[in-house]
Amino acid sequence: MASQEIETLTAALSRLPGLGPRSARRAVLWLIKRRESALVQLVDALAAVREALVECRTCGNIDTTNPCGICADPRRDAGSLCVVEEVADLWALDRARLFNGRYHVLGGRLSALDGVRPEDLTIDQLLRRVEEGGIDEVVLAMNATLEGQTTAHYIAERLEGLAVRITQLAHGLPVGGELDYLDEGTLAQAIRARRPVA
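As the structure is a computational prediction, the values presented were derived from the model and not from experiment. Residue positions are given per chain, counted from 1 along the sequence in the order it is written. It should be noted that, the model being predicted, local features are given only for residues of pLDDT at least 70 and side-chain atom pairs only at 80 or more, the latter also being counted only at that level, while totals for whole chains, interfaces and linings use all residues. Side-chain measures were taken over the full set of non-hydrogen atoms in the model, leaving aside hydrogen atoms and water.

1. So, the environment of Ala24
Put simply, DSSP marks the helices as runs of H or I at least four residues long and the strands as runs of E at least two long, and each gets a number from the N terminus on. Here Ala24 is to be found in helix 2 (residues 21–33). C-alpha separation for the pair Ala24 and Asp63, spaced 39 residues apart in sequence, amounts to 27 Å. Ala24 has contacts with Thr10, Leu13, Ser14 and Leu19, leaving out every residue within four places of it along the chain. Should any heavy atoms of two residues lie within 4.5 Å, those residues are counted as being in contact.

Here is the structure:
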C-alpha cells in the first residue's frame, strides 16, 4: 500500500475525465519517477493556472485575462456570435479555426429532468449582447441532443423580432460515416437536412 498522500493524489487524478483508478495509479507512478522534471512542472503549472484563471465577463470563456483573448482580439468578426453550451464546446470550435467570430457560453443547457431553467443559463446576457447592436448573425451551436435542441429552439424564439440572422450548425451524416452504422436519429436528421446537389 502507498502512503496516504500518494493515495490522495491517485484518488484526485482518478476523478479526471478519462482516468480511472488504474490509469491514475500509472500516472502517479510516472510522476513519482520523474518528480524533479515532470512532477515539479505539473505542480507549478497547476498553481499558476489556479491563481490566474478568470471567467470572461463578456462571453463566459475561461482564460487568464478578462476580457478573454477571443473577445479582445480585434481581428475577430464582431458581427458573428456563436452560442455554445459549455467552455469545452467553445474550445473545440475555436481549435478547428473554422469560425472567426466571437462566442457566448450559456453554462449548460435547458433540462426539465435536471431542473435547469432559462434563468440558470446566461440567456438574458446573450439577449442583451444582441440588443446592444453590432451583431448580424447568431450561430446556435448546441449539441445534437434533445436538451441541446430544446435550448436552441428556446433561444431562437427569444431572438425573434431582433434584427439578427439566426443560424444553426448542420446535423446529419459525419464525414466518412457508413449508413448501416448510424443511429435512426442521425439518419432522420440527415434526410430532413438534405440539399440539392447542383
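2. Topic: the pattern of salt bridges
One side-chain nitrogen of Lys or Arg within 4 Å of one carboxyl oxygen of Asp or Glu is enough to make a salt bridge. Tallied over the entire structure, the rule returns seven salt bridges. For Asp120, the salt bridge identified is with Arg117, shortest N-O distance 3.3 Å. Here Arg117 falls in the partly exposed class, since its relative accessible area comes to 45%. Of the charged contacts, one joins Glu137 and Arg165 as a salt bridge, the two residues approaching to 3.3 Å between their closest N and O atoms. Each residue is placed in one exposure class: buried if its accessible area under a 1.4 Å probe, protein chains only, is under 20% of its type's maximum, exposed if it is over 50%, and partly exposed if it falls in between.

3. Things to note about the environment of Ala48
Its place among the elements puts Ala48 in helix 3 (residues 35–52). Considering only alpha carbons, one finds Ala48 and Thr64, 16 residues apart in sequence, at a separation of 9.8 Å.

4. A look at the side chain of Asn61
Locating Asn61 in the fold gives a position in the loop between strand 1 (54–55) and strand 2 (62–63). The residues contacting Asn61, other than those within four sequence positions of it, are Val54, Glu55, Cys56, Cys68, Ile70, Val87, Leu90, Trp91 and Val105.

5. Some words on the UniProt feature "domain: Toprim" (unreviewed entry) in the chain
UniProt positions are given in the numbering used here, feature names are shortened, and annotations may be inferred rather than shown by experiment. Cross-referencing UniProt, the feature "domain: Toprim" (unreviewed entry) maps to residues 79–174 in the present numbering. With 34% helix and 20% strand, residues 79–174 has its two end C-alpha atoms placed 28 Å apart.

6. Observations regarding the packing of helix 1 (residues 4–14) against helix 2
Where helix 1 contacts helix 2, the two axes come as close as 8 Å, and the packing angle between them is 125°. On the basis of the axis angle, helix 1 is oblique to helix 2. Crossing of helix 1 against helix 2: the hand is right-handed. Across from Ile6, Leu9, Thr10, Leu13 and Ser14 in helix 1, the residues of helix 2 making contact are Pro21, Ala24, Arg25, Ala27, Val28, Leu31 and Ile32. Fitted lines through C-alpha atoms serve as axes, helices being fitted only where they are in contact, and the angles separating the N-to-C directions of these axes extend from 0 to 180 degrees. Should an angle lie under 35 degrees it is considered roughly parallel, over 145 roughly antiparallel, and from 65 to 115 roughly perpendicular; all remaining angles are considered oblique. Crossings are assigned a handedness: left-handed for a near helix turned anticlockwise from the far helix by less than a right angle, right-handed for a clockwise turn.

7. A closer look at the pairing of strand 6 (residues 165–168)
Sheet topology note: the strand 5 (residues 137–140)/strand 6 ladder contains four bridges and is parallel. The residue of strand 6 that forms the bridge with Val139 is Thr167. We call a crossover right-handed when, viewed with both strands directed away from the observer, the connection leading from the first strand over the helix to the second proceeds clockwise. Read from strand 5 through helix 7 (residues 146–159) to strand 6, the crossover connection turns out right-handed. Two strands pair under a simple rule: DSSP has to find at least two bridges between them.

8. Considerations on the nonpolar core
As a rule of thumb, nonpolar side chains are buried together in soluble globular proteins. By size, the foremost hydrophobic cluster in this structure holds 17 residues, and its most contacted members are Val83, Val130, Val138 and Ile155. Contributing elements (two or more residues each) for this core: strand 3 (77–84), helix 6 (123–131), strand 5 and helix 7. Per-element tally for this core: the top contributor is helix 6, with four residues. Once you skip the residues sitting within four places of it in the chain, Val83 turns out to touch His104, Leu106, Leu126, Val138, Val139, Leu140, Ala141, Met142 and Ile155. To define a nonpolar core, start from buried Ala, Val, Leu, Ile, Met, Phe, Trp, Tyr and Cys residues and group those joined through side-chain atoms within 4.5 Å. Judged by nonpolar contacts, the second largest core, of 13 residues, contains Cys56, Cys59, Ile70 and Val105.

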